[in-house]
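Listed below are the residues making up each chain.
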Amino acid sequence: MLRTILLLHYCLIPIPFISSLSILHRIRSKFLPFTLTWYQQQSSTSSKPIIQFSCTSCGKCCKVDGDVWLSPDEVDTVQSHLGIDDTDAFKSRYGRAEVTDGEETWVCLRRITDDAVVPSLKSCVFLDLPTGQCSIYDVRPIQCATYPFWPSILASRQDWEDEAVLPDDDTDNIDELKDNEKGRYWTAELGGCEGIILHSDEKEGNDDNNDEIMQTIQNQEEMASTVVDGQDIQSKIKAVRRHWKRFPVEEIKQTTWHL
């Protein structure tokens, strides 16, 4: 019993004697694997990093058929960023719905259409349509800042892979791929993120060709730049979960705002 208590202490509580998170991770993966997420467990047995992401600035996450709710403090932050003093004027211009809980008011952002592009496609009111970029990026809502690192998307490896989509212009050799390797493209109804990087199977056999060696080195460098830190992932998950829990209307959380 004492051994179990000590093991839990060393595995779960940060202490000065364990300066390396990798050591702590290995201890937990060996003795307490149930305390790790699926990607933490698999990273212990795989030479490849599990979670890789690199935003492509496509702006598609701002065009998904869904709602973005600003918390009261986010309303204040965005309003201040835009230099708008009148809260009612802000809500009238940028909001399409609001929910009040006591003295706190949440605002659902308006969605707009661009008839010159796709008349039926609605985008976030803060998406700059000509550039495809967020016009309030520095103060964007936490719901946006944490995507695609939401609890539902990271619930399992399959959920993470299902969220990945191919870029619209990625059609090279598509006919040569097997059906289960082709993936899918983004749609407003189903959404998806083209910044999620999935692992392809390594080719068998060794080749000493210098070009291939250099390509391998380049690929490894690119991979290192896209690996997402596990603590950063957990921080985003916790932040967006706290945000979601604060929202006062359970019906909306269970029907149109899943995390």
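Definitions and limits used
Residues numbered from 1 in each chain as written. Predicted model: local features only at pLDDT ≥ 70, side-chain atom pairs only at ≥ 80, totals over all residues. Heavy atoms only, no water. pLDDT = per-residue confidence, 0-100. Helix = DSSP H or I, 4+ residues; strand = E, 2+ residues; numbered from the N terminus. Contact = heavy atoms within 4.5 Å. Buried < 20%, exposed > 50% of the residue type's maximum accessible area, 1.4 Å probe, protein only. Arc of directions from axis to C-beta. Polar contact = N/O pair within 3.5 Å; in protein donor to acceptor, adjacent residues only side chain to side chain. Pairing = 2+ DSSP bridges. Axes fitted to C-alpha atoms, helices over the stretch in contact; angles between N-to-C directions. Parallel < 35°, antiparallel > 145°, perpendicular 65-115°, else oblique. Phe/Tyr/Trp six-rings, centres within 6.5 Å; stacked < 30°, edge-to-face > 60°.

Caption draft 1: Looking closely at the confidence of the model for the protein chain. Summarising the model, the protein chain shows a mean pLDDT of 77, and 65% of its residues fall at 70 or more. The lowest-confidence element of the protein chain is helix 1 (residues 2-12), averaging 42 in pLDDT; the highest-confidence one is helix 4 (residues 72-82), averaging 97. The model gives residues 1-21 a pLDDT under 50, and that stretch makes 16 contacts with residues more than four places away or in other chains. Low pLDDT (under 50) marks residues 212-218, which in the prediction has three contacts with non-local residues, meaning those over four places away or in another chain.

Caption draft 2: How the structure looks around unusual backbone geometry. Of note, the amide linkage connecting Tyr147 to Pro148 takes the cis form, showing an omega dihedral of 5 degrees. Here Pro148 is to be found in the loop between helix 6 (142-145) and helix 7 (157-163). If you check the backbone angles, Ser57 has positive phi at about 55 degrees while not being a glycine.

Caption draft 3: Broad picture of helix 5 (residues 87-94). Those residues of helix 5 lying buried are Phe90, Lys91 and Tyr94. Take helix 5 and look down its axis: the buried residues cluster within an arc of 95 degrees, on one side only. Turned more than 90 degrees off the buried face of helix 5, the exposed positions are Asp88, Ser92 and Arg93. The N-cap residue of helix 5 is Asp86: its side-chain oxygen and the backbone nitrogen of Asp88 are 3.0 Å apart.

Caption draft 4: View of the sheet that holds strand 1 (residues 69-70). The sheet built from three strands is open, its strands ordered 1-3-2 with antiparallel pairing. Looking at which strands have only one partner, the edges of the open sheet turn out to be strand 1 and strand 2 (95-101). In this sheet, strand 3 (residues 104-109) lies alongside strand 1 in antiparallel orientation, the contact comprising two bridges. Across the sheet, the residue bridging to Leu70 is Val107, located in strand 3. The strands touched by helix 5 are strand 1, strand 2 and strand 3; relative to strand 2, the strand with the most contacts, the crossing angle is about 130 degrees.

Caption draft 5: Quick look at the packing of helix 4 against helix 5. Contact geometry of helix 4 with helix 5 gives a least axis separation of 11 Å together with a crossing angle of 90 degrees. Judged on the interaxial angle alone, helix 5 and helix 4 are roughly perpendicular. Only Thr87, Phe90 and Tyr94 of helix 5 make contact with helix 4, whose side of the interface consists of Val75, Val78, Gln79 and Leu82.

Caption draft 6: Highlighting the packing of aromatic side chains. The full count for this structure, using the stated rule, is eight aromatic pairs. Measuring from ring centre to ring centre gives 5.6 Å for Phe53 and Phe149, while their planes differ by 80 degrees; the resulting arrangement is edge-to-face. Residue Phe53 is found in the loop between helix 3 (38-43) and strand 1, and its partner Phe149 is found in the loop between helix 6 and helix 7; the two are separated by 96 residues along the sequence. Here Phe53 matches Phe149 in class, with each residue buried. Taking 5.2 Å as the distance between ring centres and 90 degrees as the angle between the ring planes, the aromatic pair formed by Trp106 and Phe247 counts as edge-to-face. Taken as a pair, Trp106 in strand 3 and Phe247 in the loop between helix 9 (230-246) and helix 10 (250-255) lie far apart in primary sequence, 141 residues in all.

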